[in-house]
Amino acid sequence: MADIEEIRKLKARYFRLLDHQDWQGLSDVFAPDARIDVSSSTVSGSGRGVYSSRDSFVDTVSKLLHGAVTVHHGHTEEIELTGADSASGVWAMEDRIWFPEGSPVRTLWGAGWYEEEYERVDGRWRIKRMVLRRQRLELDGNPID
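What you see is a predicted model, and the numbers here were worked out from it, not measured in a lab.

Colleague: Could you give an account of the environment of proline 104, naming the residues involved and the relevant values?
Modeller: Tracing the chain through its elements places proline 104 in the loop between strand E4 (86–98) and strand E5 (107–121). Proline 104 gets classed as exposed once you look at its relative accessible area, which sits at 84%. Along the primary structure proline 104 and proline 32 are separated by 72 residues, whereas in three dimensions their C-alpha atoms are 32 Å apart.

Colleague: Residue-level account of the nonpolar core, with values.
Modeller: Counting 35 residues, the largest nonpolar core has Tyr14, Leu26, Phe30, Phe57 and Met130 as the members making the most contacts within it. Every element with two or more residues in this core is listed here: helix H1 (2–19), helix H2 (23–28), strand E1 (30–37), helix H3 (54–64), E4, E5 and strand E6 (124–139). Looking at which element gives the most residues to this core, the answer is H1, with seven residues. Contact partners of tyrosine 14, with chain neighbours within four places excluded, come to Leu26, Val29, Phe30, Tyr114 and Met130.

Colleague: Describe the pairing of E1, listing the residues and the values that go with them.
Modeller: Alignment of E1 against E6, held across four bridges, turns out to be parallel. Paired with arginine 35 across the two strands is arginine 129, which belongs to E6. Relative to strand E2 (residues 50–51), E1 runs antiparallel, the two sharing two bridges. Looking at the pairing, isoleucine 36 lines up with tyrosine 51 of E2.

Colleague: Can you explain the side chain of serine 62? Please cite residues and give values.
Modeller: Relative to the assigned elements, serine 62 resides in helix H3. Looking at serine 62, its side chain comes within polar contact range of the main-chain oxygen of aspartate 59, at 2.8 Å.

Colleague: Tell me about the side chain of arginine 126, residues and numbers included.
Modeller: With respect to the helices and strands, arginine 126 occurs in strand E6. For arginine 126, a relative accessible area of 9% gives the class buried. Polar side-chain contacts of arginine 126 include one of 2.8 Å to the backbone oxygen of aspartate 28. Other than its neighbours up to four places away in sequence, arginine 126 contacts Leu10, Asp28, Val29, Phe30, Ala31, Glu117, Tyr118, Glu119 and Val121.

Colleague: Could you give an account of the environment of valine 71, naming the residues involved and the relevant values?
Modeller: As for its position among the elements, valine 71 is in strand E3 (residues 69–83). Sequence-distant contacts of valine 71, defined by excluding residues within four places in its chain, comprise Asp19, Glu94, Asp95, Arg96 and Trp98.

Colleague: Describe the pairing of E4, and please don't skip the residues or the numbers.
Modeller: Here E4 shows one buried face, formed by Ala87, Gly89, Trp91, Met93, Asp95 and Ile97, and one open face, formed by Ser86, Ser88, Val90, Ala92, Glu94, Arg96 and Trp98. Sheet topology note: the E3/E4 ladder contains 12 bridges and is antiparallel. Within the sheet, the bridge partner assigned to glycine 74 lies in E4 and is methionine 93. Strand direction decides the pairing type here: E4 and E5, joined by 13 bridges, are antiparallel. Note on E5: the bridge partner recorded for methionine 93 is glycine 112.

Colleague: How would you explain the pattern of salt bridges if you had to name every residue and give the values?
Modeller: Inspection of the entire model under this criterion finds 17 salt bridges. In this structure, arginine 8 and glutamate 5 form a salt bridge, with 3.3 Å as the shortest nitrogen-oxygen distance. Taken together, the residues arginine 8 and glutamate 5, both in helix H1 and three residues apart, mark about one turn of the helix. On the basis of relative accessibility, which here comes to 35%, the residue glutamate 5 falls in the partly exposed class. Ionic pairing is found between glutamate 116 and lysine 11, a salt bridge with its closest N-O pair at 2.4 Å. Note that glutamate 116 is positioned in strand E5 and lysine 11 in helix H1, a separation of 105 residues in sequence. A relative accessible area of 1% places lysine 11 in the buried class. Residues participating in the shared-partner salt-bridge network are Asp3, Asp85 and Arg120.

Rules behind the numbers
Residues numbered from 1 in each chain as written. Predicted model: local features only at pLDDT ≥ 70, side-chain atom pairs only at ≥ 80, totals over all residues. Heavy atoms only, no water. Helix = DSSP H or I, 4+ residues; strand = E, 2+ residues; numbered from the N terminus. Buried < 20%, exposed > 50% of the residue type's maximum accessible area, 1.4 Å probe, protein only. Core = buried A, V, L, I, M, F, W, Y, C linked by side-chain atoms within 4.5 Å. Contact = heavy atoms within 4.5 Å. Pairing = 2+ DSSP bridges. Polar contact = N/O pair within 3.5 Å; in protein donor to acceptor, adjacent residues only side chain to side chain. Salt bridge = Lys/Arg side-chain N within 4 Å of Asp/Glu carboxyl O.

Limitation: the analysis is restricted to geometry and does not speak to function.
Shown next as structure tokens:
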């Protein structure tokens, strides 16, 4: 149970650090070689949003959210230990983003879930793989298919 609680705290930090735009702290929740897929958040379907390292993900997100106000929530986690230093999890999620004046999009609302894999690195749990799957996405109040 202690490992599951540590993973819960890890994900709570992810949401808090993202909303506080603490990019160094956010980077630290991921394994250095983390694979991150948030392509379901892109409208064009161009394959953008797939990252092969935490650094490329955090760099992109920091630029995208510059000047924005964000609120991210995660709930009803399902965490399973898959080995002594590995685990997997699914989290229901909801997010709201208010972009600064002059942005092409003013608001984003989304809901769905994260599918994740975790690994213990140097005694601390990190996100090794994260996939965001959106069930609903609205830009400026308009549903996106």
